[in-house]
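# Structure at a glance
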Amino acid sequence: MATLDSALPSSRKRLFQPRTPQFIALALAIWLTLTANWALWLRLPELDGYHGSLTLLAIRVLPLVLGASLLVTALFAWPRFTKPFWIALLLVAASAQYFMVSYGTVMDKGMIHNILQTDARESADLFNIKLLGEMLVVAILPAIWLWKTPLKPARNALRNVLRTALMLVLGAALIAASLAVSYKDLAPVVRNNLWLRYMINPINPVLSAASVALDPILRKPKPFVSITADAALGTSYAAAQKPPLLVLVVGETARAKNFSLNGYARDTNPELSKLDVLSWRNARSCGTSTRESVPCMFSNLGREGYYASKIEHDNLLDVIQAAGLAVLWVDNQAGCKGVCKRIPMADTADSVNTPAGKALCSKDGECLDSMLLNGLDERIAKLDPARRAKGVVLVMHQMGSHGPEYFKRSTPDLKAFKPECATNALSSCSKESVVNVYDNSIRYTDHFLAQTIAWLKTQQSQYETGMFYMSDHGESLGELGVYLHGMPYAMAPDDQKHVPMISWLGTLGARTRLDQSCLSKTLDQPLSHDNLFHTVLGLMDVTTPTYKPPMDAFSSCRKAS
C-alpha cells in the first residue's frame, strides 16, 4: 500500500512536469486526431464509389489529419500567453465534433455565418447533456492537464522560433507525404465525396472562422446600385376597385416532400386541402440556410447572378415600396437577413407580454407562428395611409419547422403522429419519431396558413386579397446520417433544397387576370426561388425594367386585358 501511495504522487508529478511548447503542440495534435475526428472516421464506410479497404483508407487519411492538426496547434507554440488559445481550440474542436456527429453537418464558412446570425433562442435549442459530455471528454480533460502543466521558459528566443518552425514544417511534411503516396487513391474519393474536404477537425472550423472574420477586412464593400427608379403601378390600379393585399409567407425549414398536397402519404395538410390552394411540387431553393436563401429569394438576379454579383442591389420589397405600395415585414425568426432594412418591420417578440403573447409564446420569448397574425389590423393601420390606399404587401417570416427542437413547433391538438422525438439530440431518437415530430410541425404550418387565409377573407370588404407561401430551404431528417440543413449547396441532399410553394389567389388572382384552371395544370413545372421576384411583381401588377415575364410562374396563365 505504501508503494502505491508513493507511486501516485510520482505519476502525477510526471504527468504535470514542465513541458516545452512544442511538446504540448504535438501532444494536442495527437489528442485531437484521435478524439475530435470521429465524424470523419464514422463516415468513411459511407463513401460513394469507394470499394477498397477502409482500414487502408484510414491509414492514408490519418497523416493528413495529424499534419493538419499540428499546423494549427504549433501556431501557438510559444512560451507565453498560449494556453488560452490552445484551450479555445479544444473547445472549438469538441463543439464542432458534436454537431458533425450528431447532425451530420459540416463546419464550413456558410455554417460559421449561420452560427453568428443565430439568435439566443435558437442557440439554446442546440444544447443538451450530450454536448456537455463531448466537451468534457474532448476539451475539458486535456484543458485541465494543459492548465496545470508548466511551460518551460525559453532560454533562447531564436531556438524556440526554430523549434516551432520545425513543428510547422513537420505538419506540412506529413500532409505532403501522405498526398504524394496516396494521391491517386485519395483524389477520386474526395471528388466523389466533397464532404471529406470539410471534415478534418479542428483545422476546417478554424479556417472557416478565420475566413469569416477576415472577409470584412480583406474584401471591399460592394457598391450599391438601386433598381427601383422606374418602378410603377400597372394599369389595374387606374380602375375604380379595391386595392390589393398580398400576404407573402416566408416559410422556414419546410421540405416539399412532407406536404400531403404534394403527394405525401401522411395527411400533413388537413386544412389547406379543403381550401382552394395551388401547390407546386417541383420548386428549389437558392441556398440551404436562412442566411443565404432569404436575401437570394428576394433578389432579381436569380441564384447564379446573386452569388456572382459584385454589386449590391435593393430587392423585391424595395421595388414594391418604390412603386407606391405599403410594405410591412413581420418577423417570428432571427431577423430578415437585411431584406427589410429599408421598409417597416415588426417582431412578434414585441408582443410577448400581451394576452396573445402569453398564450402563444414561451418564457424565453419564442412564439408559435399564429402570433404573426396577432394585431395585424393595428400594424397595417399604422402604415402610411397614402400607400395603404393603393395596396399592401405583408411579409410574414415563420419559425416554421426550425430544428432541432421540432416538438416546440406544434401545439398538442395538432400532434397527430406519435411518438415524437422530444429532444434536440435527434440522432438518439428513432427515425420514426424524428419524422413524426417534423410532420407535426408541418401540420402546424398547414394550420397557420389556413388561419392566414381565414384572416384575409375578413379583409375582403376593403382589399382584393391573396396569399403566396414559399419556404426558404428544406431539411434533412437523418437520411445518410445527416440532420438539419446548411450543407454546402453542391453537396447538400435534395431534401435541403426541395421546397414547398403554395398560393391562394383569393380575389387577387382575378384582379390580375389569372386563370386558376390554367395554373392548376402547371403544378409540375420546375420552379425555384429565382421565380419569386417576378411572380410577385406580376401578381401585384408592378411594372419595372427588372421584371421578366418568362420568370413569372403565373404569366402563361394570365388572360389578355
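Refer to the structure printed above.
A brief report on the enclosed structure follows. (Residues numbered from 1 in each chain as written. Predicted model: local features only at pLDDT ≥ 70, side-chain atom pairs only at ≥ 80, totals over all residues. Heavy atoms only, no water.)

### Observations concerning the overall build of the chain
On a plain count of helices and strands, the chain comes out with 20 helices and 14 strands. Each of the 561 residues in the chain was classed as buried or not, and the buried ones make up 54%. Residue pairs in contact within the chain that sit at least 24 positions apart in sequence constitute 79% of those at least 6 positions apart. (Helix = DSSP H or I, 4+ residues; strand = E, 2+ residues; numbered from the N terminus. Buried < 20%, exposed > 50% of the residue type's maximum accessible area, 1.4 Å probe, protein only. Contact = heavy atoms within 4.5 Å.)

### Thoughts on the pattern of salt bridges
A complete count under the given rule lists 14 salt bridges for this structure. The closest approach of N and O atoms between Lys431 and Glu479, which form a salt bridge, is 3.4 Å. Of this pair, Lys431 sits in helix α17 (residues 431–458) while Glu479 sits in the loop between β10 (476–477) and β11 (483–484), placing them 48 residues apart in sequence. The class for Lys431 is partly exposed, based on a relative accessible area of 43%. On the basis of relative accessibility, which here comes to 25%, the residue Glu479 falls in the partly exposed class. When salt bridges with common partners are traced through the structure, they connect Arg255, Lys257, Lys431, Glu479 and Asp495 into a single cluster. (Salt bridge = Lys/Arg side-chain N within 4 Å of Asp/Glu carboxyl O.)

### A closer look at the nonpolar core
What tends to happen in soluble globular proteins is that the nonpolar side chains get buried as a cluster. In terms of nonpolar packing, the biggest core is built from 95 residues, with Met396, Trp455 and Met467 touching the most fellow members. For Met396, the contacting residues outside a window of four places in its chain are Val247, Leu248, Val249, Val250, Val330, Leu372, Leu373, Leu376, Phe448 and Thr452. By size, the runner-up hydrophobic cluster in this structure holds 46 residues, among which are Leu248, Ala323, Cys336 and Val536. (Core = buried A, V, L, I, M, F, W, Y, C linked by side-chain atoms within 4.5 Å.)

### Concerning the packing of helix α2 (residues 21–35) against helix α8 (residues 129–148)
Interaxial distance between α2 and α8 falls to 11 Å at its minimum, and their mutual angle equals 165°. Judged by the angle between their axes, α2 and α8 are roughly antiparallel. Relative to α8, the crossing made by α2 is right-handed. In this structure, α2 uses Phe23, Ile24, Ala27, Leu28, Trp31 and Thr35 to contact α8, whose residues at the interface are Val137, Val138, Pro142, Trp145 and Leu146. In terms of residue class, the contact of α2 with α8 is built from 10 nonpolar, 1 polar and no charged. (Axes fitted to C-alpha atoms, helices over the stretch in contact; angles between N-to-C directions. Parallel < 35°, antiparallel > 145°, perpendicular 65-115°, else oblique. Left-handed = near helix turned anticlockwise from the far one by under 90°. Nonpolar A, V, L, I, M, F, W, Y, C, P; charged D, E, K, R; others polar.)

### Quick word on the sheet that holds strand β7 (residues 345–347)
An order of β7-β6-β8-β3-β9-β12-β4-β13 is seen for the 8 strands of this open sheet, with the pairing classed as mixed. Edge positions in the sheet fall to β7 and β13 (527–528), since each of these pairs with one other strand and no more. Where strand β4 (residues 278–284) and strand β12 (residues 498–504) come together, 5 bridges link them in antiparallel fashion. Note that in β12 the partner of Leu278 across the bridge is Ser503. (Pairing = 2+ DSSP bridges.)

### Some words on the packing of aromatic side chains
Applying the stated rule across the entire model yields 8 aromatic pairs. Ring geometry for Tyr406 versus Tyr438: centroids 5.5 Å apart, planes at 90°, classification edge-to-face. One end of the pair, Tyr406, is in the loop between β8 (392–397) and α17; the other, Tyr438, is in helix α17, and 32 residues separate them in sequence. The class for Tyr406 is buried, based on a relative accessible area of 0%. You can call Tyr438 buried: its relative accessible area is 0%. (Phe/Tyr/Trp six-rings, centres within 6.5 Å; stacked < 30°, edge-to-face > 60°.)

### Here we look at the state of the cysteines
On inspection of all chains with the given rule, the structure shows 5 disulfides. Put simply, Cys336 and Cys340 are joined by a disulfide, and their sulfur atoms are 2.1 Å apart. Between Cys336 and Cys340, the disulfide has an S-S torsion of -85° and is therefore left-handed. Note on accessibility: Cys336 and Cys340 belong to one class, buried. Residue pairing for Cys421: its cysteine sulfur links by disulfide to Cys429, the two sulfurs lying 2.1 Å apart. Handedness here is read from the sign of the S-S torsion; for Cys421 and Cys429, about 65°, the answer is right-handed. By the burial criterion, Cys421 is buried, and Cys429 matches it. Taken in sequence order, the bonded cysteines of the chain link in the pattern 1-2, 3-4, 5-6, 7-8, 9-10. (Disulfide = S-S within 2.5 Å.)

### Observations regarding unusual backbone geometry
Cis geometry is found at the peptide bond from Gly403 to Pro404, where omega equals 5°. Inspection of the secondary structure assignment puts Pro404 in the loop between β8 and α17. Looking along the chain, the bond that leaves Lys418 and enters Pro419 is cis, with omega of 5°. Note that Pro419 resides in the loop between β8 and α17.

### Focus on the packing of α2 against helix α5 (residues 83–103)
Contact geometry for α2 and α5: axes closest at 11 Å, N-to-C directions at 5°. As the angle between them shows, α2 and α5 are arranged roughly parallel. Contacts from Pro21, Ile24, Ala25, Leu28, Trp31, Leu32 and Thr35 of α2 reach α5 at Trp86, Leu89, Leu90, Ala93 and Gln97.

### Details of a positive patch on the surface
A contiguous patch of positive charge, built from Lys152, Arg155, Arg159 and Arg163, is present on the exposed surface. Mapping Lys152 onto the fold places it in the loop between α8 and α9 (157–192). (Patch = residues over 30% accessible without salt bridge, like charges linked within 9 Å, V, L, I, M, F, W, Y side chains within 5 Å. Areas by Shrake-Rupley, 256 points an atom, 1.4 Å probe, with all protein chains shown as cover. Lys, Arg positive; Asp, Glu negative; His and termini not counted. Charge placed at Lys NZ, Arg CZ, Asp CG, Glu CD.)

### Observations regarding helix α4 (residues 54–74)
Since the α-helix advances by 3.6 residues per turn, residues separated by three or four positions end up pointing in the same direction. An ideal rise of 1.5 Å per residue puts 30 Å on 21 residues; α4 measures up with 30 Å between its terminal C-alpha atoms. Within the span of α4, buried status applies to Leu57, Arg60, Val61, Leu64, Val65, Gly67, Ala68, Ser69, Leu70, Val72, Thr73 and Ala74. Capping the start of α4, Ser53 holds a side-chain oxygen 3.4 Å from the backbone nitrogen of Thr55, two or three residues further along. (Expected span 1.5 Å × (residues − 1). Polar contact = N/O pair within 3.5 Å; in protein donor to acceptor, adjacent residues only side chain to side chain.)

### Here's the deal with helix α20 (residues 532–540)
Within α20, 9 of the 9 residues are buried, which leaves the element mostly enclosed by the surrounding structure. Phi turns positive, to about 55°, at Asp541, one or two residues after α20.

### With respect to the side chain of His485
If you trace the backbone, His485 turns up in the loop between β11 and β12. One polar contact links His485 to Glu475, side chain to side chain, over a distance of 2.7 Å.

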